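Observations on the three-dimensional arrangement
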Amino acid sequence: MIYVTSPIMPDFEEFVSTIRELWHTRNLTNNGTFLKAFETALEHWLGVPYVSVMTNGTLPIMLALRSLGVESGEVITTPYTFVATSGVLEWMGLRPVFADVEEGYGTLSPSAAERLITQCTRAILPVHVHGYPCAVDDFAELSKRYDIPVIYDAAHAFGVKSGGHSILLHGDMATLSFHATKVFNSLEGGAVVCSSLEQKQRLDRMRNFGITGEVSVESEGLNAKMDEMRAAYGLLNLRNIDASIRQRKHLSKVYDGALQGVRGVRHPAIADGVEYNYAYYTLYIDAQEYGHTRDELYLYLKEKGIHARRYFYPLVSDFEPYKKYLKAAQSLPVASLMASQVLCLPLYPHLSEGEIKEIAALISDFSLKI
Ligand SMILES: *Cc1c(COP(=O)(O)O)cnc(C)c1O
């Protein structure tokens, strides 16, 4: 079976020789030397001021919101994302308010979000979904006009740039995931990207129970720390990221070429000025023109040993625990269409050109089987 993603990993021998030091020092966690080095390397590679690394990509959303004082009320977000985005809100006792997304890339629509702003709105949480940048200027404008923070869930946007700068520089804070399925992984892991040292120190404190000294706790906190083993692994894996993104880009072009001429399938072009990370190869299936629905294609490929994924279907707002947050008679037409049309095809640097051509040939053949 070919899966939608497969992780990049550091060289095994190098990893072993690196962590020999851990066995010597028995310094396994608690803001150790590997963690500090990992954070510095990330700040440098990403081109951002400050990074607070955490143990997964979910807790950073939680701590970012909390550190910005978002503790109750409503948060406007997108239903077209992984469940964690709203899961965090629900867990914190915040109320997710679902706004529709934009056609084209499926990112949160600023105008739809604005229509849902009320007295109770405490933050906006858009997602750079699939690594496609949100309308960051429009959200900056909303943030200023209504005086509410914008936190980006940038779990898919590792390495994405716009206008020559990291997309992570936008908003009050942005959060990353280094889960094994993402473009860059530290087995599990994640981070908050922030712009001031004060913010970083606060986040660093909150990820360690709020502790500031042997006998002092200065803020609320929990355990969101990353251990030294994964920090060492992440540090080494960062060496692979440039080559990995280059190869993803190359393989995406191979898909483009191989799918040219297949009616009813479309892959969105990268917007001007955006340096994409090629996290996903999203294919939009127009059932009328293609001759089969997206779900029929999904099942056909699966039968042939290709496990493509319907990211993101169902919408978060269609999951049982989240349905109650939809406003009466609220519909999300664009998000619903995306959820029914998008299929993410396998894409990772060690996938071969031959495999891609086979997958494209299956998609092409199936379109003719009506
Ligand atoms: C993966 C993901 C997360 C959560 O990250 P974990 O590292 O799995 O906790 C959050 N938001 C989005 C959009 C994701 O895809």
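My aim in this report is to walk through the structure given alongside it, one point at a time. (Residues numbered from 1 in each chain as written. Predicted model: local features only at pLDDT ≥ 70, side-chain atom pairs only at ≥ 80, totals over all residues. Heavy atoms only, no water.)

**Some words on the site of the ligand**
Residues in contact with the ligand amount to 14 residues; listed here are only the nearest, T58, D153, H156, S177 and K182. Between the ligand and T58 there is a distance of 2.6 Å, counted from an oxygen atom to a side-chain nitrogen or oxygen. Look at the ligand: alone it shows 380 Å² of surface, and the protein chains cover 93% of it. Using a 2 Å cut-off from the grid points, one finds that the ligand occupies the largest pocket. Broken down by class, the residue content of the shell around the ligand amounts to 3 nonpolar, 9 polar and 2 charged. (Near = heavy atom within 4 Å. Polar contact = N/O pair within 3.5 Å; in protein donor to acceptor, adjacent residues only side chain to side chain. Areas by Shrake-Rupley, 256 points an atom, 1.4 Å probe, with all protein chains shown as cover. 1 Å grid on protein atoms, 1.4 Å probe; cavity = no way out; pocket = protein on both sides within 12 Å on 5 of 7 lines; lining within 4 Å. Sits in = over half its atoms within 2 Å of the grid points. Nonpolar A, V, L, I, M, F, W, Y, C, P; charged D, E, K, R; others polar.)

**Points about the sheet that holds strand β10 (residues 190-194)**
Reading across from one edge, β2-β10-β9-β6 is the order of the 4 strands in this open sheet, with mixed pairing throughout. In this open sheet, the two edge strands, each paired with only one partner strand, are β2 (50-54) and β6 (151-153). Averaged over all neighbouring strand pairs, the angle between strand axes comes to 20°, with direction disregarded. As defined by bridge partners, β2 adjoins β10 across 5 bridges and the pair is classed as antiparallel. Considered in β10, the bridge of M54 is made with G190. Sheet contacts for helix α7 (residues 197-206): β2, β9 (173-177) and β10; angle to β2, the most-contacted strand, approximately 10°. (Pairing = 2+ DSSP bridges. Helix = DSSP H or I, 4+ residues; strand = E, 2+ residues; numbered from the N terminus. Axes fitted to C-alpha atoms, helices over the stretch in contact; angles between N-to-C directions. Contact = heavy atoms within 4.5 Å.)

**Focus on the pattern of salt bridges**
Under the criterion given, the structure shown has 14 salt bridges. E39 is paired through a salt bridge with K200; the nearest N and O atoms lie 2.9 Å apart. Taken together, the residues span a long stretch of sequence, with E39 in helix α2 (residues 33-46) and K200 in helix α7 at a distance of 161 residues. Judged by relative accessible area, E39 falls into the buried class, the value being 5%. Residue classification places K200 among the buried positions, given a relative accessible area of 9%. Between E141 and R145 there is a salt bridge whose closest N-O contact spans 3.4 Å. Linking E141 with R145, this pair stays in helix α6 (residues 136-146), spanning 4 residues, or about one helical turn. (Salt bridge = Lys/Arg side-chain N within 4 Å of Asp/Glu carboxyl O. Buried < 20%, exposed > 50% of the residue type's maximum accessible area, 1.4 Å probe, protein only.)

**A look at the packing of aromatic side chains**
The tally for this structure, following the rule as stated, stands at 17 aromatic pairs. When the ring of Y290 is compared with that of F366, the centres are 6.4 Å apart and the planes differ by 55°; the resulting orientation is tilted. Of the two residues, Y290 is situated in helix α10 (residues 287-290) and F366 in helix α14 (residues 353-368); the sequence distance between them amounts to 76 residues. Within the aromatic cluster, the residues linked to one another by ring pairs are F38, W45, F158, F178 and F184. Its end group placed over the ring of Y284, R266 keeps NZ or CZ at 4.5 Å from the ring centre. In this structure, R310 is placed above the aromatic ring of Y298, and the distance from its NZ or CZ to the ring centre is 3.8 Å. (Phe/Tyr/Trp six-rings, centres within 6.5 Å; stacked < 30°, edge-to-face > 60°. Lys NZ or Arg CZ within 6 Å of the ring centre and 35° of its normal.)

**Examining empty space enclosed by the protein**
Tallying each qualifying case throughout the model produces 2 cavities of 30 Å³ or more. Lining the largest cavity are A155, H156, A157, F158, T181, K182, V183, N277, A279 and Y280. Along the lines of polarity and charge, the residues of the lining of the largest cavity split into 6 nonpolar, 3 polar and 1 charged. Its volume calculated, the second largest cavity comes out at about 30 Å³. Partitioned by chemical class, the residues of the lining of the second largest cavity number 4 nonpolar, 2 polar and no charged. (Points joined across faces, edges and corners; volume = space filled by probe spheres on them.)

**Structural notes on the packing of helix α3 (residues 59-67) against helix α4 (residues 84-91)**
Running from N to C, α3 and α4 point in directions that differ by 50°, and their axes come no closer than 9 Å. The orientation of α3 relative to α4 falls into the category oblique. Crossing of α3 over α4 shows right-handed handedness. Together, I61, M62 and L65 of α3 and T85, V88, L89 and W91 of α4 make up the contact between the two elements. (Parallel < 35°, antiparallel > 145°, perpendicular 65-115°, else oblique. Left-handed = near helix turned anticlockwise from the far one by under 90°.)

**Brief notes about the sheet that holds strand β5 (residues 121-125)**
Reading across from one edge, β4-β3-β5 is the order of the 3 strands in this open sheet, with parallel pairing throughout. Edge positions in the sheet fall to β4 (95-98) and β5, since each of these pairs with one other strand and no more. Strand after strand, the sheet turns through a mean of 30° between neighbouring axes, direction not considered. With 4 bridges connecting them, strand β3 (residues 74-77) and β4 associate as parallel partners. Its bridge partner lying in β4, T77 is registered against F98.

**Examining the environment of T55**
Here T55 is to be found in the loop between β2 and α3. Residues T55 and S364, spaced 309 residues apart in sequence, show a C-alpha to C-alpha distance of 42 Å. In this structure T55 touches E188, G189, G190, A224, K225, M226 and R230, once residues within four positions along its chain are discounted. In this structure the side chain of T55 is engaged in a polar contact, spanning 3.4 Å, whose partner is the backbone oxygen of K225.

**What about the nonpolar core?**
Core analysis: the largest hydrophobic core is formed by 103 residues, its most contacted members being L42, L345 and I363. Ignoring anything within four residues of it in the chain, the contact list for I363 reads L259, V262, V265, L283, Y290, L297, L301 and L345. Listed in part, the 22 residues of the second largest apolar core include I61, L63, L65 and V192. (Core = buried A, V, L, I, M, F, W, Y, C linked by side-chain atoms within 4.5 Å.)

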